[in-house]
Amino acid sequence: MSKKKMTLPELATALNGLETEDGLSFHAEMIEGEVPALQVSVSDREEFPIYITIDDSQILAVSYLWKESEIKPGAREALLDALLTLNIPMPLSAFSKLGSQYVIFGALSSESDLKDVIHEVDVLSDNTLEALESVSEFLE
Amino acid sequence: MSIFKKLFTAVRGAATEAGEAVVDSQALRIMDQEIRDAENELKKSKEGLTTVMAQKMSTERQVKEKQKAIEEHEGYAVQALDKGDEGLAVQIAEKIAELTNEVTPLETLLTGQIQSVNQLKQTIKQTEKRLQATKREVALIKSTASVQKAQDAIASTHSGSTSAMSSAMESMQRIKARQQQKSDKMNAALALEEEGGDGDLKAKMAAAGITDSGPSGNSILEKLKAKRGNASA
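Residues numbered from 1 in each chain as written. Chains lettered and ligands numbered in written order. Predicted model: local features only at pLDDT ≥ 70, side-chain atom pairs only at ≥ 80, totals over all residues.

1. Details of the overall build of chain A
(1) Moving on: On a plain count of helices and strands, chain A comes out with three helices and six strands.
(2) Moving on: Along its sequence from the N terminus, chain A presents helices and strands in the succession α-β-β-β-β-α-β-β-α.
(3) Moving on: For chain A, the residues scored as buried account for 36% of the 140 residues in total.
(4) Moving on: For chain A, the share of sequence-separated contacts (at least 6 apart) that also reach a separation of at least 24 residues comes to 58%. (Helix = DSSP H or I, 4+ residues; strand = E, 2+ residues; numbered from the N terminus. Buried ≥ 20, exposed ≤ 12 C-beta atoms within 10 Å, placed from the backbone. Contact = placed C-beta atoms within 7 Å.)

Encoded structure:
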């Protein structure tokens, strides 16, 4: 009964060269590995690519922010507070940490359609820049 | 340990410096092992469930047979009484008592079996859920590792330096600078266009004899003549 699930190569094909209403364009590249991921770079924002993985239950899109070592001395608590506070007002994305790496991510049902995923990538890329802007005072 | 706690440990084994693996491979191996264990457990539970369900069906059948026999013998007893054969009726009644005594433990057994089936079903459901969650987390950790490698590669490409990772703020500054450049370019183009528009207008005005250009020889002479006229008057 469940819908056909999207695969990363399908997503790559759909994203490649796609242009959004805001004039952003995507470039998608497969990263092979034990668990493959899709690296999506957004034009003019190549520094913050988005990584997408698909498993049985969810599609995960992650963008890397800063590392623990980039936080200004003494500003960590204020930064964490700001991140928690931002979590809800920020549309579709949330903050997390992988090791010492702070990330921003969005998770979708693995049965989402292409339109949803594209929207997710678009919003996540915007949120990445917005988030960095918002907490820049805490970072070196 | 809860899955989240384990995950936390697995990822935390991670790296504080760039280039180091984010994932603790030891923790990952443990989680892989746990997945295999859970899968085995699940297989056993399912086999157990099949067995207990078969036993339950057998008990149900036995209970039904005994109950049917009791009903039949009750009929026989009534018939014997109708025929006035008290002795036979007593014998039949004794048989009924015997059958009833046999049913009671069977019913107790059945209740237990029904409980076992429900419990096993519950266990299977929980194990499946846990298994799925663990698999998901392991997949996430593994993909994180490949993503991390890619991320390191990108960072060194964009920072232009060989070793130092570029910080998020530096990256952000670069993006902003590019955006500024773009908008400057666009503004410049707009300004040019505007000037172009102005130039056009001037040309049209000049063609129509309207001009704001500096004083011409003629107009100065006219002014001087006017001055002299006034002075001599």
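2. Some thoughts on the nonpolar core
(1) Moving on: Of all hydrophobic cores here, the largest spans 42 residues; its most connected members are Val-40, Ile-50, Ile-52, Ala-61, Val-62, Leu-65 and Val-103 of chain A.
(2) Moving on: Among all residues touching Ile-52 of chain A, those that are not within four sequence positions of it are Leu-8, Leu-11, Ala-37, Leu-38, Val-40, Ile-59, Leu-60 and Ala-61 of chain A. (Core = buried A, V, L, I, M, F, W, Y, C linked by C-beta atoms within 7 Å.)

3. Description of the interface of chain B and chain A
(1) Moving on: Contact residues are listed per partner, giving 28 residues for chain B and 33 residues for chain A.
(2) Moving on: Those elements that provide at least two residues to the side of chain B that touches chain A are α1 (3-12), α3 (86-159) and α4 (168-207) of chain B.
(3) Moving on: Of all the elements, α3 of chain B adds the most residues to the side of chain B that touches chain A, at 13 residues.
(4) Moving on: Partitioned by chemical class, the residues of the side of chain B that touches chain A number 13 nonpolar, ten polar and five charged. (Nonpolar A, V, L, I, M, F, W, Y, C, P; charged D, E, K, R; others polar.)

4. Quick look at the packing of helix α2 (residues 76-87) of chain A against helix α3 (residues 114-135) of chain A
Residues and elements named next belong to chain A.
(1) Moving on: With their axes 11 Å apart at the nearest point, α2 and α3 run at an angle of 140° to one another. The angle between the axes of α2 and α3 places the two elements in the oblique class. Every pair of crossing elements has a handedness; the one defined by α2 and α3 is right-handed. Contact residues: α2 offers Leu-79, Ala-82 and Leu-86, while α3 offers Ala-131, Ser-134 and Val-135.
(2) Moving on: Considering only residue class, the contact of α2 with α3 consists of five nonpolar, one polar and no charged. (Axes fitted to C-alpha atoms, helices over the stretch in contact; angles between N-to-C directions. Parallel < 35°, antiparallel > 145°, perpendicular 65-115°, else oblique. Left-handed = near helix turned anticlockwise from the far one by under 90°.)

5. Notes on the environment of Glu-137 of chain A
(1) Moving on: Here Glu-137 of chain A shows up in the segment after α3.
(2) Moving on: With 65 residues separating them along the chain, Glu-137 of chain A and Lys-72 of chain A place their C-alpha atoms 8.4 Å apart.

6. Regarding the sheet that holds strand β3 (residues 50-54) of chain A
Residues and elements named next belong to chain A.
(1) Moving on: What the six strands build is an open sheet, ordered β1-β2-β3-β4-β6-β5; its pairing is antiparallel. A single partner strand is all that each edge strand has here, and the edge strands are β1 (26-31) and β5 (94-98). Each strand axis lies, on average, 30° off the axis of its neighbour in the sheet, ignoring direction.
(2) Moving on: When strand β2 (residues 37-42) meets β3, the two strands line up antiparallel, connected through three bridges. Of the residues in β3, the one forming a bridge with Val-40 is Ile-50.
(3) Moving on: On the sheet, helix α1 (residues 8-15) packs against β1, β2 and β3 and is oriented at approximately 155° with respect to β1.
(4) Moving on: Contacting β1, β2, β3, β4 (58-67) and β6 (101-109), α3 runs over the sheet at an angle of about 155° to β6. (Pairing = 2+ DSSP bridges.)

7. A word on the pairing of β2 of chain A
(1) Moving on: For β2 of chain A, the tally of buried residues reaches five of six residues, placing the bulk of the element in the interior.
(2) Moving on: Between β1 of chain A and β2 of chain A, which pair antiparallel in sequence order, lie five residues.

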